[in-house]
Every structure is written in C-alpha cells, then in structure tokens.
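Survey of secondary and tertiary structure
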Amino acid sequence: MARRTGSGFTSPFLPTPAQIASIHRVTRFGTLPPNPSSLQATVSLAKTELRRYDSEIAKLQSELDRLVSERDTLFSYAASCRSVLSARQRLPTEVLVCIFQLCFPHDAYQLGYQTSSKTEVRRISQYHLLKLAEVSFRWHQIAMGTPQLWSFITVNTSIWDMSRQRRQPQTLLKGLESSLLRSQNHPLHLQVDLTWQNYGDLVFQLFIKYAHKWKDVRIRSDAAPSTRSATTLGRLERLETLELELGRKALNLGSLEAPRLRHFIFRGKFNSLPASFPWNQLQTCTYNNHTDPDTPIFSPLSVLRTANDAAAFTFRLTIYEQSVHETMISSNVRHLAFEITDPQRSVGNLFDALTLPRLQILEYRPPGWGRSPMWPSASFMALAHRSAFATHLLRLSIHSTITEEELLGCLAVLHCLEELSVFDTFVSERSHSNHTVVKDQLLQGLLCVPGEASLVPNLRMLDVATVMDFTDSVYVDVVVSRIEKICDVDRSGVFDACIQRYPEQRKLSNKAWQKLKSLVDSGTLLFNIMEVELE
C-alpha cells in the first residue's frame, strides 16, 4: 500500500496574487500603503507561520530521506538478484580462469618491452590480476587462489637499478616473492634480465629457490654475478625450454640436469655453456656465436656428436677465421640449419668437418633476408658423398650465392630429395646487384621429360623466392611435368609450389596464372604466390 508523502499544509495568511502585485506597486513608486495596520499584522504573524512551514519541511525531508533510502535498498537488491541470475554468475570457475588468462598482457611481459619503474611494479605484482580481484568476492578468490595465473613472471633488474625511489626495489622484491608464492606448485614461465649492480644477485637467488618449478625459462645476463662460483640448480624436473643470452663475463650455471628439457636457445661464448648438458635429449637447439670471436668455429659443432636422430639444430654463425678442422664430427641429427652472417667468408671447412649419416633436412641461409653467404659446392659434394645424402636427404633449402650449374650439380646427387627451396638474393641498395639463381636454366634442369632420367625424381615441393627473372611458360612446364610424374605413381598425388616475389618485381603473366589455377581446381596442385616482406 502506498504511503502519504505530505500533510497538505497551507498557511491561511498566504498572500493572493493581487496582494503581491499591490505591495510591489507600493514598493516601486514609493507611495504610502493604503492599509498599514494590515501589513503590520502580516509581519507579526509571518514568524509563527514560517516556523510551521519549517516544521512541515522537516517532516517531508525525513519522509523523502526514507523514500530515497528504501529506493536505494530496492535497487541494490534487484541488481544483486539480476547478478545472481546472470550468465556471468553461472560461469564455472574453470571458464573464468580461462577468461582471466585471456586478460594477460603478453606484450608487456616481453623482455624487449619498453618499461619504466611504474610499469615494472605493475608487471611484477601482476596488476591485471589485482584489478580483476576487485570485481567481486568470488573473482577475488579465483584470481588469488589459482596458481597458474601467477606462473608467468618477467623481471628486468636494470629498471630496479635505475629507480630513484629508495624503497621501490624493496617493493619490487616483495611483489616478486608474492607472485612466486601465489604460483604455489605450478610450473613457472620466467623471463629475467639480470644486471649485477645491486639487485641481480637477490633476484637470481630468489629464482634459484624456485628452480624445481622452472618449465619455460629465459635468462639474459650482461655480466657475471658477484660470486663467480658455479650456481647449483639441483635437478630441474619440470624444465622443458631454456633460453640463455649471456655476455662476455658470463653466468656460470655449472652442470644442468633436466630430464624433460627439449628446447634450447643459446647466445654467447661457447665456454659459457653449462659444463654438463643433456644435448642428447633436445628436439630443437639454436646456437648463436655472434659475440664469440675467440672460439674456433668447430667447437660449437661438437655438441652435435650426442644429438639424437629426431633433433633439429640451428647454428647462427659469424665466421671470424679460416680455421681448419682437426677431428671429424659425426652426428645423427635429423634437421640442421646454418645461418651465416658474413657473406664474404667461405664455410667450406664447416662442411669438411661434418658427417651426417641420418640428416633429412638441410638449410643454409643468412639471418633474415640479409646478403646471402657463399655456397661451398666442392665441400658440399664431399659431405653428400661421405654422409650418403642420396639415400636420406629429403629437404634442401638454399639462400646462398650459388650458380645454376653448381646447384644443378648438387641436386644430381640427391636422389631422395622431396622438397626444394631456392632463394634469389635481393638487394634493395642500388650499389649492389641481385644474385639470381631461379632462372630458366635451373627450371629446365628440373623439368621431367618422359622416357628420360629426371633430376630429383621424387620432388613434391618447389618453393622459390625470386626476382622473377625466368620465363613463365618454363615455370609452368616444370610444374605440369612434376604433376604428371607424381600422378604416374599415385593418381591422388599433389604437387606443392610456391612463388615468393620480392618487392617491386613483375607479376606472373595472366596466361601462366590461369593455367596454374586450372591445376589447382583439378586438385593436382597446391599453389601459393605472395610478396616477400623484407625486414
């Protein structure tokens, strides 16, 4: 039932509009009032009447306050009911955890991300989780009580050293330890940039305390800690991925025992590698020697001796000297890639030192799209013969300074090759010329002619990065001949072709494009053409 909201009080002495107009005229013209005694009576009675109005207003204000309070209570209760009935409230905890994970600011947690003291505090304290925890009691419980949400930690101690606030590094250290504690027993994903001026030792010792939880770890260190003794990490049962980027005065990790380690990336001096390392467990390994001119080029290759036959190793090498190998290095590695940073030096001695009896994939290239290194044809031919590439090399990728004759000669001994990637060298500077190998002579060498022996008879994929210095009809003939050869053996077989066109080069002719499209429509060709995006 509705309540009355007022008493309807009105003073009997309230002036009429005519009385108000009359007093205004007197006031305006300065004349004598017609009935002064009546005005005096109004002045006397007005005090009492005004008190009555004040009393009535107080009563109504109290009633209004009550109504406002009751309305707010009803509004809040209805909102709570609506929240209880909402889909968000009914979401299972597991779904909310997934949503919280999607709120993770990945870019801000990369070591290369430009940060400040303020953003470093937010990153270490997991600020995005703290904000989610403010939404409701349930969200607070989930955010604070789910260890996996706290398992991604990034630290850059150079920011700590630059802090102008004396207490801030202690705040950072306390926030870091809180995050580590909240991760409980969940595997850790760590990225840490260590400087050893003030706080690097403290941070690293804190991480070592939790080393048994390491799963995916990246450590970047520009110098050595205050103590040069080897760090004892213990048995790292959960470690699967490790990336080390070490300066010339390197961190000494001693021996590393990690039964689940499968992926390793290393940048630095060869003698900074752990004294004992499970090379035979690795599935992938990338080694970069760009900061290590003093180590013979064959020292890093020695780790291949214990590589397993399912491993993929990449060596990013700067050839500092023309050293001669002393002992042969034999390896069962399956996938081997060389990225050579100096295009002027020969790496023939590199191939001369190796025997690779189980190699299936070989890649030889510059870093990124840089100037291509020289190709040591004679050394490769000797390596191919010594390692019996004719029986097991399935893929070859070459981004190198090589002639068409040299490449065709190399392909002639690779009878099992199924995938071939060839890159022209494109140089954007006008002072240098392009080195072109994808031309008609190479394509004609890959052409299958009925009744004649074919080069690389099992070829099923041809990928070229090119300046388009070939005849389109010759390229189409190669593709058609390869499709016919595949279909002779397997009528459902498909040939895979790709053209990566360098910037500002001509396009494929419409006639060639229509022919290739018809082959794609027939289901015998997988074809892709794209423009190379140079870094």
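All values reported here derive from a predicted model rather than from experimental measurement.

Topic: the overall build of the chain
Looking only at helices and strands, the chain features 17 helices and 16 strands. Burial statistics for the chain: of 535 residues in total, 44% are counted as buried. Carbon and sulfur atoms form 54% of the exposed surface of the chain, whose accessible area is close to 28,700 Å².

A few points about the side chain of Thr436
With respect to the element layout, Thr436 can be found in the loop between strand 13 (419-423) and helix 15 (440-445). The residues contacting Thr436, other than those within four sequence positions of it, are Asp424, Val467 and Asp469.

Points about the pairing of strand 9 (residues 335-340)
Among the 6 residues of strand 9, 6 are classified as buried, and the element is accordingly described as predominantly covered. Every second residue of strand 9 is oriented toward a common face, with His335, Ala337 and Glu339 on one face and Leu336, Phe338 and Ile340 on the other, all of them buried. Note that strand 7 (residues 312-317) and strand 9 share 6 bridges and pair parallel. Bridge pairing in strand 9 places Phe313 opposite Leu336. In terms of strand pairing, strand 9 meets strand 11 (residues 361-365) through 5 bridges, oriented parallel. For His335, the partnering residue across the bridge sits in strand 11 and is Ile361.

Considering the packing of helix 16 (residues 472-489) against helix 17 (residues 510-522)
Running from amino to carboxyl end, helix 16 crosses helix 17 at an angle of 15°, the nearest separation of the two axes being 10 Å. One element, helix 16, and the other, helix 17, form an angle in the roughly parallel class. Helix-helix and strand crossings are classified by hand; for helix 16 and helix 17 the assignment is left-handed. Of helix 17, the residues touching helix 16 (which contributes Asp472, Tyr475, Val476, Val479, Val480 and Ile483) are Ala512, Lys515, Leu516 and Leu519. Here the contact of helix 16 with helix 17 is composed, by residue class, of 8 nonpolar, no polar and 2 charged.

Things to note about the pattern of salt bridges
This model, assessed by the stated rule, comprises 23 salt bridges. Note that Lys59 is salt-bridged to Glu56, the shortest N-O span being 3.9 Å. Highlighted residues: Lys59 and Glu56, both in helix 2 (residues 36-85), separated by 3 residues, approximately one helical turn. In this structure Lys59 comes out as exposed when scored by relative accessible area, which is 54%. By relative accessible area, Glu56 is classed as buried at 17%. The salt bridge involving Asp309 is made with Arg358; its shortest N-O contact spans 2.9 Å. Residue Asp309 is found in the loop between helix 11 (298-301) and strand 7, and its partner Arg358 is found in the loop between strand 10 (354-355) and strand 11; the two are separated by 49 residues along the sequence. Via salt bridges that share partners, Arg218, Glu243, Glu245 and Arg267 belong to a single interconnected network.

Details of the UniProt feature "coiled-coil region" (unreviewed entry) in the chain
The feature "coiled-coil region" (unreviewed entry), as annotated in UniProt, sits at residues 43-70 in this numbering. Between the C-alpha atoms that bound residues 43-70 the distance is 41 Å, and the span itself is 100% helix and 0% strand.

Describing the environment of Leu181
Relative to the helices and strands, Leu181 is located in helix 9 (residues 168-182). For the pair formed by Leu181 and Trp150, sequence separation is 31 residues and the distance between their alpha carbons is 8.7 Å.

Observations concerning unusual backbone geometry
Despite not being glycine, Gln126 has its phi angle at roughly 55°, a positive value. Considering the arrangement of structural elements, one finds Gln126 in the loop between helix 5 (117-125) and helix 6 (127-132). Although it is not a glycine, Gln184 sits at a positive phi angle of roughly 50°. Overall, Gln184 belongs to the partly exposed group, its relative accessible area being 49%.

Rules used in this analysis
Residues numbered from 1 in each chain as written. Predicted model: local features only at pLDDT ≥ 70, side-chain atom pairs only at ≥ 80, totals over all residues. Heavy atoms only, no water. Helix = DSSP H or I, 4+ residues; strand = E, 2+ residues; numbered from the N terminus. Buried < 20%, exposed > 50% of the residue type's maximum accessible area, 1.4 Å probe, protein only. Areas by Shrake-Rupley, 256 points an atom, 1.4 Å probe, with all protein chains shown as cover. Contact = heavy atoms within 4.5 Å. Pairing = 2+ DSSP bridges. Axes fitted to C-alpha atoms, helices over the stretch in contact; angles between N-to-C directions. Parallel < 35°, antiparallel > 145°, perpendicular 65-115°, else oblique. Left-handed = near helix turned anticlockwise from the far one by under 90°. Nonpolar A, V, L, I, M, F, W, Y, C, P; charged D, E, K, R; others polar. Salt bridge = Lys/Arg side-chain N within 4 Å of Asp/Glu carboxyl O. UniProt positions renumbered as here; feature names shortened; annotations may be inferred.

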